[in-house]
Each structure stands twice: as C-alpha cells, then as structure tokens.
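Inside the fold
One letter stands for each residue in the lines below.
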Amino acid sequence: MAVHAHRRRLSWLVLPLLSLALAGCFGSDDGGDSREGKPRVQPLTRYDMANDCYVMKAADAGHVTQAKDGSYAADAAAASGAEPLFMKPTALGRYLIMARDSRLMAAVSGKVGSASSPSDSSDWIVEASGQGRFTLKLASGKALAVAPESRALVLADQPSVFSFALAEGCTPYPEITVNAEGETFSGTRNGEVLGFADAHVHISATDFLGGSKYGTPFHRFGVTHALKDCKDIHGPSGRLDLIGNLYGNDPLGQHDNQGWPSFASWPAAHSLTHEGMYYKWVERAWKAGLRIMVNELVENEVLCTVNSLLKLKANNCNEMNSVYKQAEMMRSLQDYVDAQEGGPGKGWFRLVTTPAEARKVIAEGKLAVVLGVEISHLFDCKVSYGLLPDLPGIPLPDIPLVAGETPGCSEKSIDEELAMLHSVGVRQLFPVHEFDNALGGNGIFNGLVLNLG
C-alpha cells in the first residue's frame, strides 16, 4: 500500500490490504465525510458538530440565515427558513462552515460574507460557552457576533453566543469516501486480538526527498488541497519529477498531473514521488481488518541532496531532523482523525508505544500505529567520502577531506538521541540502511545504486 523503495522486505508478507486499499484509491467519490451509520447528535461539546448538517441559532433564538448577496444574518424566522450549514472539521474544535451553494462563511473585506475556497479567513475556532452554547472566532482574534439592530452577522471583538440545531439539506464538503458498508469488527477471540498487519509503511513521508514528493496524507482543508494537481511540484506533464523519473528508470518520463477526483496517473505502485496513503484510504483498509501498522519515519539524504542540486533549491536534507518532524506530523494526523470522528480519543487511528497499549487499541476495533525509523544516517552517525562539490547556496552533507566518521557521533550522543526518539514515541528502528554509516555498512540489494550513494 505504501509508496516506497523497500518492497523487498515485504516479499514474505502476504497483504490482503493491498487490493482492498488501492480499490478505494482511484474512485472519484466526492460525497463528503458524512457520519453515515453513526447516530446524529445535538451538539453539547465543540467537537460534536463534525461532518454533519446544522443551522446556527443566536442566543436569542434567532436563526442564522444566508442572504442572497452572500452575507449572513440572525433572523427570527422559522427554522424551515434557516440556511443548513455543513460543519467540516479542520482540526479539533475548528471548522469550515459551508452553505448549500458550496460557499464558505468567511471574513471578507472585514465583514462576514462568503468565500469560494478555504483559507484562514474561513477557519472558525469554536469554543464552549456553557453546555450546548458556543462562540466562534478566527485566528486573527475577531469573533462572530450579531449586530444589535441590523441582525447581520459581523466581526467584532466580543462574540455572540450560538447553538446548533440538527438540520437537513446540506451540501457535504468535498472529500474522498470510504465506499464501504457496515461496521468493522472489535474485541478479541479466546484472548487473542483479531485482524491483520502492515509491517512497513511511510504515511509520514510528506517532505520526503527534499520536497520532490507531491501530496499529503491529510490536509486541514481536505482532499481538494491534499491531492490536487501536481503541476506546481512536478511541472507540466510531470517533466520536472526528476527523482521520480530516475527511480522509474526513465529520466525523460512524463505523467498526467491530475489528482483528485480523477487520479489519471497516480497514485501508483511504481511512483515514489506521489502520495499513496491518504488517510481515507488507510481508513478503508482499517475497516477491512487492518489492526496494526508500523510507520517508518523515513528520509534519504542522498536523493534529497540530488534533488537540491538538480533544482538548485535549498532543502534541509538532514535525516534526523526529518524524523522528528515526521513524528510530530503523525501526532497531528491522529488529532485530525479524532476531529473528523467527533473529539479527542474518538478516532480509529491511535499511536501506541507498548504491546499492552496496542492490544487494548486493537481489542477496541481501532488501528494501532507503531512509529519506527528507517534512515541511513541514524543519530547523525555518517561516513562520507568527499565526492560531492560544495555549491554556493545549496546545503550538502558535511563531507570530510578523507573518508571517516562524522565528528560528534559518540556513545554519549547516541544515548541522548535514543532517549529523544523514545520520548517522541519511536519503538522500532533500523541501525543500518541503504548507505554506509558509522554503525555499519549498507543493505546489499542493488550494488550499483548503493555504491554510487
């Protein structure tokens, strides 16, 4: 399921996951992240509105309606005349608020109006103001309020208080659907956990290879931003996908740039530089029985540096820096899934750090995710050979004049790095990988490429 260069290690592992997950990768469903199969709730906490349809009511029981010019007002009209609003979480307690015309409630020129695309100006922070009562504000600090006389919704320093009432008739926010029926299983059988495993994936490789990889496993604004057209990164027809073309043994290769909803050329098993593990595809695999996954925090300093040289672009190619950044991203993904499912701890995606914790998560019918590390220069313990030139403005690995270990890699520094990795949740690692390091030689599976590296 993952897009990476290490399929050799999975040759012994039969993964029914592959066909199940990829079957959902190429669909064009855009029915939104509806709560189909889950009970609808009258919101009592700021997380309860996730992916459902509501009308907003001001504290004086006026219904929030959308005027024809795209502005909003709190009108005392009957609920049947109120504008149904779809609440799409961008994070825990934060929402895009979308009307039936697919436009978003937003700050526009200092006023409350409608926007066609999401931004910070439409990303509303919802805070509790008593049970079932809420205030809304933007990151700028401006709050949503009802003007005393006009009843128009305005931006103000002091917020008005609102509640949310269940409604019908919303236009769901665009999102990939799981397209699976029924509930997945939970519990144990004779004390044993049930399900199957994926022992080696790379969900977190978002900035992999110096920015040459396109797409992300999640985005606060959904699939329309996570998996759109890749032209900005790979150029027209993929002609600037240098690393991907080299990996595919075709330096002049091309591919269709289209992403969601058509996915004309990607994701694909042969593509190293396109996202292959969007969270909705992982959710589909979880529903089919995936119960434990090892996510390897990964980077390749050599290929990252090659991309920097080819594109004359400065990238931070330090592998350990990438590991810590990816560990943080995995925590953000867990929070994002929680937000979609209705609050902290409610998501199906759970990071685990002990066998007992993994068993508990699996018994609950959720996906236990273990963090590992797969890099060549673990603990920054490098061996370099002085082959690459020093080009102005292009950061390259530290290269001594003669072959040798990188200064500063000591027993003390390794102990400190191990403690740091443990503190961010890492529980598995490869001490050696594709290229030589101060701990040992490389993996032997492609002599030409690895000797060059």
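See the structure shown above.
Residues numbered from 1 in each chain as written. Predicted model: local features only at pLDDT ≥ 70, side-chain atom pairs only at ≥ 80, totals over all residues. Heavy atoms only, no water.

Summing up its helical and strand segments, the protein has eleven helices and 21 strands in all. Across the 453 residues of the protein, 50% fall into the buried class. Intrachain contacts of the protein at a sequence separation of at least 6 include 67% that bridge at least 24 residues. Accessible surface for the protein amounts to roughly 20500 Å². Of this, 55% is attributable to carbon and sulfur atoms. (Helix = DSSP H or I, 4+ residues; strand = E, 2+ residues; numbered from the N terminus. Buried < 20%, exposed > 50% of the residue type's maximum accessible area, 1.4 Å probe, protein only. Contact = heavy atoms within 4.5 Å. Areas by Shrake-Rupley, 256 points an atom, 1.4 Å probe, with all protein chains shown as cover.)

Considered for burial, the residues of helix H9 (residues 355–363) that qualify are Ala358, Val361 and Ile362. Along H9, the residues classed as buried sweep out an arc of 95° about the axis, all on the same side. Counted as exposed and oriented over 90 degrees from the buried face of H9: Ala356 and Lys360. Where H9 is buried, its residues touch strand E14 (192–193), strand E16 (290–298), strand E17 (349–351) and strand E18 (367–374). Gly365 sits one or two residues past H9 and shows a positive phi near 85°. (Arc of directions from axis to C-beta.)

What follows deals with the pattern of salt bridges. Throughout the structure, instances matching the rule amount to 17 salt bridges. Between Arg40 and Glu168 there is a salt bridge, and its shortest N-O distance comes to 2.8 Å. Placement of the pair is Arg40 in the loop between helix H1 (17–23) and strand E1 (52–58) and Glu168 in the loop between strand E12 (162–166) and strand E13 (188–189), with a sequence separation of 128 residues. Classification of Glu168 by relative accessible area gives exposed; the value is 64%. Through salt bridges with shared partners, a single network forms among Arg94, Asp120, Asp123 and Arg220. (Salt bridge = Lys/Arg side-chain N within 4 Å of Asp/Glu carboxyl O.)

If you check which residues of helix H7 (residues 301–311) are buried, you get Glu301, Cys304, Thr305, Asn307 and Ser308. Down the axis of H7, the buried side of the element spans an arc of 155°, and every buried residue falls inside it. For H7, the elements touching its buried residues are helix H2 (208–211), helix H5 (242–247) and helix H8 (319–341). By the N-cap criterion, in which a side-chain oxygen at the helix start approaches the backbone nitrogen of a residue two or three places on, H7 is capped by Asn300, the distance to Val302 being 3.1 Å. (Polar contact = N/O pair within 3.5 Å; in protein donor to acceptor, adjacent residues only side chain to side chain.)

Quick look at the nonpolar core now. Looking at soluble globular proteins, one finds that nonpolar side chains tend to be buried together. Formed by 47 residues in total, the largest nonpolar core has its most connected members in Leu227, Phe349 and Leu367. Mapped by element, the contributors of at least two residues to this core are strand E15 (196–201), helix H3 (223–226), helix H6 (279–287), E16, H8, E17, E18 and helix H10 (411–423). Here the element with the most residues in this core is H8; it accounts for eight residues. Among all residues touching Leu227, those that are not within four sequence positions of it are Ile176, Tyr214, Gly215, Thr216, Gly259, Trp260, Phe263, Trp266, Glu275, Tyr278 and Trp281. Formed by 26 residues, the second largest nonpolar core is a distinct cluster that contains Ala74, Ala99, Leu153 and Phe164. (Core = buried A, V, L, I, M, F, W, Y, C linked by side-chain atoms within 4.5 Å.)

A word on unusual backbone geometry. The omega torsion of the bond from Trp260 to Pro261 falls at 5°, within 30 degrees of zero and hence cis. With respect to the secondary-structure elements, Pro261 resides in the loop between H5 and H6. For the bond from Trp266 to Pro267, the omega torsion is 5°, close enough to zero to count as cis. On the secondary structure map, Pro267 appears in the loop between H5 and H6. Here the phi dihedral of Ser102 falls at roughly 70°; this positive angle occurs in a residue that is not glycine. Residue position: Ser102 is located in the loop between strand E5 (94–98) and strand E6 (104–108). Although it is not a glycine, Ser109 sits at a positive phi angle of roughly 55°. One can find Ser109 in the loop between E6 and strand E7 (111–115). On the basis of relative accessible area, Ser109 is assigned to the exposed category, the value being 74%.

The subject of this paragraph is the environment of Phe379. Turning to its location among the elements, Phe379 is positioned in the loop between E18 and strand E19 (383–384). A relative accessible area of 8% places Phe379 in the buried class. With sequence-adjacent residues up to four places away left out, Phe379 is seen in contact with Met320, Ile414, Glu417, Leu418, Leu421, Leu429 and Leu439.

Let us look at the environment of Gly70. Its location among the elements puts Gly70 in the loop between strand E2 (63–66) and strand E3 (72–75). Once the C-alpha coordinates of Gly70 and Val112 are considered, the two residues, 42 residues apart in sequence, prove to be 8.9 Å apart. Once you skip the residues sitting within four places of it in the chain, Gly70 turns out to touch Gly113 and Ser114.

This next bit is on the state of the cysteines. Inspection of the entire model under this criterion finds three disulfides. Between the sulfur atoms of Cys381 and its disulfide mate Cys409 the distance is 1.8 Å. The disulfide joining Cys381 to Cys409 has a torsion of about 85° about its S-S bond and is therefore right-handed. Taken together, the residues span a long stretch of sequence, with Cys381 in the loop between E18 and E19 and Cys409 in the loop between strand E20 (404–405) and H10 at a distance of 28 residues. Across the pair, Cys409 and Cys381 agree in class, each one buried. Taking only the cysteines that form disulfides and numbering them from first to last, the protein has the pattern 1-2, 3-4, 5-6. (Disulfide = S-S within 2.5 Å.)

As a further point, take the packing of H8 against H10. Packing of H8 against H10 brings their axes to within 10 Å, and their N-to-C directions diverge by 20°. By the criterion of interaxial angle, the relationship of H8 to H10 is roughly parallel. The element H8 and its partner H10 pack so that their crossing is left-handed. Along its contact with H8, which presents Met320, Val323 and Tyr324, the element H10 presents Glu417, Met420 and Leu421. Looking at the contact of H8 with H10 residue by residue, the class counts come to five nonpolar, no polar and one charged. (Axes fitted to C-alpha atoms, helices over the stretch in contact; angles between N-to-C directions. Parallel < 35°, antiparallel > 145°, perpendicular 65-115°, else oblique. Left-handed = near helix turned anticlockwise from the far one by under 90°. Nonpolar A, V, L, I, M, F, W, Y, C, P; charged D, E, K, R; others polar.)

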